[in-house]
Amino acid sequence: MSPRQDLANQPPSVPPALAKKLEKLGIRRRFDLVLHLPLRYEDETHLFPIADAPYGQPVLVEGTVVAHEVSYKPRKQLRVRIEDGGGTLLLRFIHFYPSQLQQYAEGRRIRALGEIRRGFQGDEMVHPKTREVKPGAPLADSLTPVYPTVNGLTQPMLRKLVATELKAQSLDEILPPELAAGLGLTPFADAIRQLHQPPPELSACQLADPQLPAWQRLKFDELLAQQLSMRLAYRARRLGAAPRIVGDNRLATALSGQLPFQLTGAQRRVLEEIRADLAQPHPMHRLLQGDVGSGKTIVAAFAALAAIEAGYQVALMAPTEILAEQHYLKLSAWLQPLGVAVSWLTGSLKKKQKQMALEEIASGQARLAVGTHALFQDDVAFQRLGLAIVDEQHRFGVGQRLALQHKGVEPHQLMMSATPIPRTLAMSFYADLDVSVIDELPPGRTPIVTKLIGSPRRGEVIDFVSRTCAEGRQVYWVCPLIEESETLQLQTAVDCHAQLTLELARLRVGLVHGRMKPGEKAAVMAAFSAGELDVLVATTVIEVGVDVPNACLMVIEHAERMGLAQLHQLRGRVGRGSARSVCVLLFETPLSDLAKARLKVIYENVDGFEIARQDLQIRGPGEFLGARQSGLPMLRFADLEQDAQLLEAARDLAPRLLERYPQAAEAHLERWLAGREHFLKA
Ligand code: ADP
Ligand code: MG
C-alpha cells in the first residue's frame, strides 16, 4: 500500500465515542470524510436589512434584542424581538431550554438565519439559527455547508474534521489526464473543494443543481468505481474452473418429441446462449429474465438435460416449497419418461425420506435434484454437480448463493427471474452477470383484462366469481397482505376463507397460506389443479410460479397494499390458458394519490419491463435488488435514472481503464471503495 493510501485508510483520529458516531455515517477511514459531502448550503455571506429581507427563502439578519419573554398562549414558547433600526422581527422558539432565555437578554446583538414569514403580530422567524455577534463582525465569505449527521455530532465538528482531511489527504487526479479531459470532467480536487468549501461566486441554487460540474464529477467517479468492481468480479469468476459441458442432444431430442408445443424463437435463442456458456471451462453466471408466463421452466429443463447428457448432475432450487413442488411435478413429468431420475429435497421431509434423497444425490443416482434451500445445506453432497439452477434468484440471500459456490468445483449457475430489471439497473447492479432475456410470450395467450374496483362494489365481484365458476372456470382470491405480523396474516386468510365460503355457498372454496404444513399445501394445490376446487383463497404464496391454465379470474383484495412487481406477478397466474382472463384489483376507498398512481401503472400496462421502469421511478431501486443490495456498494450521489448518461460513460471507461491503466483503476477503487469490494464476489 502506498503512503497515500495508508493515510487515507487510517481510522479518523477521534475519541471512541465520536468514532462510533462517524461510523453511523459510514465514515470509517479518514478519506471517507473527504467523500462525506454536504446535503445543502446556508448563505451567511449577505446581511439583509430586516425591512428589505425577502420572504420565502432563508435570509441572514442582524439586530439588537429589545424584548424577550416566555409566553403560554396559545402554547408555551420563547419570543424574542430584535430591531435593526429599519425594522423589527419576532424570533419564535417552540422547543427551547430555560437557559436559552439568558442568551437573548435585552441589548444583545444577534444574527439570525431563517425564513421570514408574516405572522399574526407582524414578521417572524420560527426556530432560526442564531448566534451572538459584536457589531461589525465579519460575514462568512462563502456558503456554509450542512452535512448529513447524527445526534451529538454538530455541524462545526464535522466541518472541522472535513477541513483537516482536505489538507492532509491527497486529492490528486487518479484518472489519466487525457481520459478525464476527453470526458470533460472537472478535476477531482476542484470538485471536492468546491462542494466542501464553496467559492463566493457559487450561489446556493447553483450548488443544489445536480448538473453542477463538481457534482457530475463525483457521481461519475462513484459510478466508475461501481463499474470497475463489477468488472473485476466478473473477471475473477472467469478465472475459476468449471466443467466443460457439451450434451449430445439425445435426451433433448426425446423431450422435444414429447412436448405438446414448440419452443418460441426467444426460448431457442436463450437456450443457445446457455449451452454456449456451459461449453466453457469457467463457471457460467447467467441471469435468465423473462416476464411471468414467458416459459422459463422449459428452458431450464433443456439446460438441465444438456448437463445430464454429459454425465453431470443438476440442482434446481426454488425459494418456496410450493414453487419447488410445482417444479418437481412438472420436471418429473417431462424427464422421468426419458429415464432421468429426479429427486426431491426440502427441509420438511421426514428423516427417512431425507436420508434417502441424500443418498440418491450422493451416489449420483439422482440426475436432477429439485428443492428449496435444503439443497444448500452442509449434509448435501452431490456426486458430480455440473449445473445449479436458481429460480426467482432475487429472493435468495447472498449467503445462500455463496454456500452453493463453495460446494467443490464450482458448478455453472443459471439464475431465473420474472422481475424485469430496468436497463439502467441492469447496467449497474447486475453488470457482473451475463443476461439472457425471453422477450416473447408463447403464442395463443389471450391478454388479461385488468379491472379496478373499489371495496363498496365487492358484491358485484362476488357475483362475477359465481358466474365464472358456473362456466366451469376457476378463480384465485388473494387475501390482503399484512406485512407487520405473520399471525395477523394467517388470521386474515382464515377469515377471508370463512367469509367467501358463506358468500359462495354453492362453490368449493379452498385455502392455502404460508403457515400450512407442506403436505397440506401440496394437497390443496393438487386439488385446485385437478379442478376439485372452484375458488382458491390464497395469501401471496401463489405469487410465483403456480400454473393452473383453467384459472381465468383473479381477485386481489387490498391491491393498494401490494408492490407493483408483486401485483404483476400475481396477475400473471391467470391468462395461461386460451380463455379470456380477468384480474380484479379490489381496493379500499378512499385511495391516496400515491396509491392511485401505482394502481394506474398496473391498470395501464401489461409489459413487466414498463411496469418495472415506472416502479423504479416511483420508488427507487431498493426493491429490485432484494437480497443483492445487502452486499453491494449502494450509490450515494448518483441516481440511476437521472444520471443514465454518466452511467453509460462510466461503463465505457471501466474496461479501457482496466486494460490500459490498471494502476489507476486500482487507485480509483481504493479511493472509493477501500476494503469493500470483497462483497461483490457473492
Ligand atoms: P415462467 O416463465 O413464468 O416460469 P412457465 O415456465 O411456468 O413460465 O410457463 C408458463 C406456461 O407456458 C406453462 O404452462 C408452460 O408449459 C407453457 N409454455 C412454455 N413454453 C411454451 C411454448 N413455447 N408454447 C406454448 N406454451 C408454452
Ligand atoms: Mg416460473
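Residues numbered from 1 in each chain as written. Chains lettered and ligands numbered in written order. Predicted model: local features only at pLDDT ≥ 70, side-chain atom pairs only at ≥ 80, totals over all residues. Heavy atoms only, no water.

Asker: Explain the packing of helix α13 (residues 321-335) against helix α19 (residues 518-529) here, please?
Answerer: Between two packed helices, both the angle of their axes relative to each other and the distance between the axes serve to describe the pair. Put simply, α13 and α19 touch, their axes get as near as 10 Å, and they point 55° apart. When the axes of α13 and α19 are compared, the pair comes out oblique. Remark: the crossing between α13 and α19 carries right-handed chirality. Only Pro518, Lys521, Ala522 and Met525 of α19 make contact with α13, whose side of the interface consists of Glu321, Ile322, Glu325 and Gln326. Per-class residue counts for the contact of α13 with α19 are four nonpolar, one polar and three charged. (Axes fitted to C-alpha atoms, helices over the stretch in contact; angles between N-to-C directions. Helix = DSSP H or I, 4+ residues; strand = E, 2+ residues; numbered from the N terminus. Parallel < 35°, antiparallel > 145°, perpendicular 65-115°, else oblique. Left-handed = near helix turned anticlockwise from the far one by under 90°. Contact = heavy atoms within 4.5 Å. Nonpolar A, V, L, I, M, F, W, Y, C, P; charged D, E, K, R; others polar.)

Asker: Just checking my understanding: could you explain the confidence of the model for the protein for this structure?
Answerer: Predicted coordinates in regions of low pLDDT should not be interpreted in detail. On average, residues of the protein carry a pLDDT of 87, and 92% of them reach 70 or more. For the stretch residues 626-631, pLDDT sits under 50, and the model shows 17 contacts to residues farther than four places along the chain or on other chains. Every residue in residues 677-682 is under pLDDT 50, and counting partners more than four places away or in other chains gives 16 contacts. (pLDDT = per-residue confidence, 0-100.)

Asker: Looking at this model, I keep getting lost on the sheet that holds strand β16 (residues 434-438). Mind explaining?
Answerer: Across a sheet, paired strands are connected by hydrogen bonds in the backbone, their directions being either parallel or antiparallel. Read from one edge to the other, the open sheet built from seven strands follows the order β12-β13-β11-β14-β15-β10-β16, with strand pairing classed as parallel. Since the sheet does not close on itself, it has two edges, and those belong to β12 (342-345) and β16, each with one partner. The average undirected angle you get between the axes of adjacent strands in this sheet is 20°. Where strand β11 (residues 313-317) and strand β13 (residues 368-371) come together, four bridges link them in parallel fashion. (Pairing = 2+ DSSP bridges.)

Asker: Please explain the sheet that holds strand β6 (residues 117-119) as it appears in this structure.
Answerer: Read from one edge to the other, the open sheet built from seven strands follows the order β6-β7-β4-β3-β2-β5-β8, with strand pairing classed as mixed. In this open sheet, the two edge strands, each paired with only one partner strand, are β6 and β8 (129-132). Each strand of the sheet is rotated relative to its neighbour by a mean of 45°, with strand direction disregarded.

Asker: Help me understand the pattern of salt bridges in this model?
Answerer: Opposite charge on two side chains allows them to pair when their charged atoms are near. Using the criterion set out here, one finds 27 salt bridges in the structure. With its nearest N and O atoms 3.1 Å apart, the salt bridge here joins arginine 457 to glutamate 460. Because the salt bridges share partners, they merge into one network encompassing Arg269, Glu273, Asp277, Arg286 and Asp439. (Salt bridge = Lys/Arg side-chain N within 4 Å of Asp/Glu carboxyl O.)

Asker: How do you make sense of the site of ligand 1 when you look at a structure like this?
Answerer: The local shell around ligand 1 holds 18 residues, among which Gln262, Gly293, Thr297, Arg445 and Asp547 are the closest. Contact between ligand 1 and lysine 296: an oxygen atom at 2.8 Å from a side-chain N or O atom of the residue. Threonine 297 is positioned with one of its side-chain polar atoms (N or O) 2.6 Å from an oxygen atom of ligand 1. For ligand 1, whose unbound accessible area comes to 570 Å², protein coverage reaches 86%. Looking at the shell around ligand 1 residue by residue, the classes come out as five nonpolar, seven polar and six charged. (Near = heavy atom within 4 Å. Polar contact = N/O pair within 3.5 Å; in protein donor to acceptor, adjacent residues only side chain to side chain. Areas by Shrake-Rupley, 256 points an atom, 1.4 Å probe, with all protein chains shown as cover.)

Asker: Sorry if this is basic, but what is going on with helix α9 (residues 213-239) here?
Answerer: Given 3.6 residues per turn, any residue in an α-helix points the same way as the ones three and four places further on. Taking 1.5 Å as the rise per residue, α9 with 27 residues should run 39 Å; its terminal C-alpha atoms sit 39 Å apart, in good agreement. Of all 27 residues in α9, 19 are buried; the element is thus mostly enclosed. (Expected span 1.5 Å × (residues − 1). Buried < 20%, exposed > 50% of the residue type's maximum accessible area, 1.4 Å probe, protein only.)

Asker: Which parts of the structure should I look at to understand the packing of helix α25 (residues 644-660) against helix α26 (residues 662-673)?
Answerer: It is at 5 Å that the axes of α25 and α26 come closest, and there the two elements cross at 120°. As judged from the angle between their axes, α25 and α26 are oblique. When α25 is examined against α26, the residues Leu657, Leu658, Glu659 and Arg660 are found in contact with a partner set consisting of Pro662, Ala664 and Ala665. Residue classes in the contact of α25 with α26 are distributed as five nonpolar, no polar and two charged.

Asker: Can you help me understand the packing of aromatic side chains in this one?
Answerer: Aromatic ring pairs: the centre-centre distance and the angle between the two ring planes describe each pair. One pass over the structure, following the stated rule, counts five aromatic pairs. With 5.2 Å between their ring centres and 50° between their planes, tyrosine 476 and phenylalanine 528 make a pair best called tilted. With a gap of 52 residues between them, tyrosine 476 in strand β18 (residues 474-478) and phenylalanine 528 in helix α19 connect regions that are remote in the sequence. Assigned by exposure class, tyrosine 476 and phenylalanine 528 land together as buried. Across the ring face of tyrosine 55, the terminal group of arginine 118 is positioned such that the distance to the ring centre comes to 4.1 Å. (Phe/Tyr/Trp six-rings, centres within 6.5 Å; stacked < 30°, edge-to-face > 60°. Lys NZ or Arg CZ within 6 Å of the ring centre and 35° of its normal.)

Asker: What exactly am I supposed to notice about the environment of leucine 228 here?
Answerer: Topologically, leucine 228 is positioned in helix α9. Separated by 438 residues in the primary sequence, leucine 228 and glutamate 666 have C-alpha atoms spaced 8.7 Å apart. If near-sequence neighbours (up to four positions away) are discounted, leucine 228 is found in contact with Ala654, Leu657, Leu658, Ala665, His668 and Leu669.

Asker: I'm lost on the side chain of threonine 468 in this one. Help?
Answerer: With respect to the secondary-structure elements, threonine 468 resides in helix α17 (residues 458-470). Owing to a relative accessible area of 6%, threonine 468 belongs among the buried residues under this scheme. If sequence neighbours within four positions are ignored, threonine 468 has contacts with Arg473, Val475, Cys552 and Leu553.

Asker: Can you help me understand the pairing of strand β5 (residues 109-115) in this one?
Answerer: Moving residue by residue along a regular strand, the side chains alternate between the two faces of the sheet. Most of β5 sits inside the fold, with five of its seven residues counted as buried. Sheet topology places strand β2 (residues 58-71) next to β5; seven bridges connect them, and they run antiparallel. Following the sheet pairing, glycine 63 is matched in β5 by isoleucine 110. Where β5 meets β8, four bridges bridge the pair, whose relative direction is antiparallel. By the bridge assignment for β8, arginine 111 is matched with arginine 131.

Asker: Looking at this structure, how should I read unusual backbone geometry?
Answerer: Most peptide bonds are trans, and most residues other than glycine sit at a negative phi. Here the bond from threonine 589 into proline 590 is cis, since omega is -10°, no more than 30 degrees from zero. Inspection of the secondary structure assignment puts proline 590 in the loop between β22 (581-587) and α21 (593-604). Positive phi, close to 50°, is recorded for histidine 127, a residue that is not glycine. Here histidine 127 shows up in the loop between β7 (122-126) and β8. On the accessibility criterion, histidine 127 (35% relative accessible area) is partly exposed. One non-glycine residue with positive phi stands out, namely histidine 558, at about 55°. Tracing the backbone shows histidine 558 in the loop between β21 (551-556) and α20 (564-571). Judged by its relative accessible area of 15%, histidine 558 is buried.

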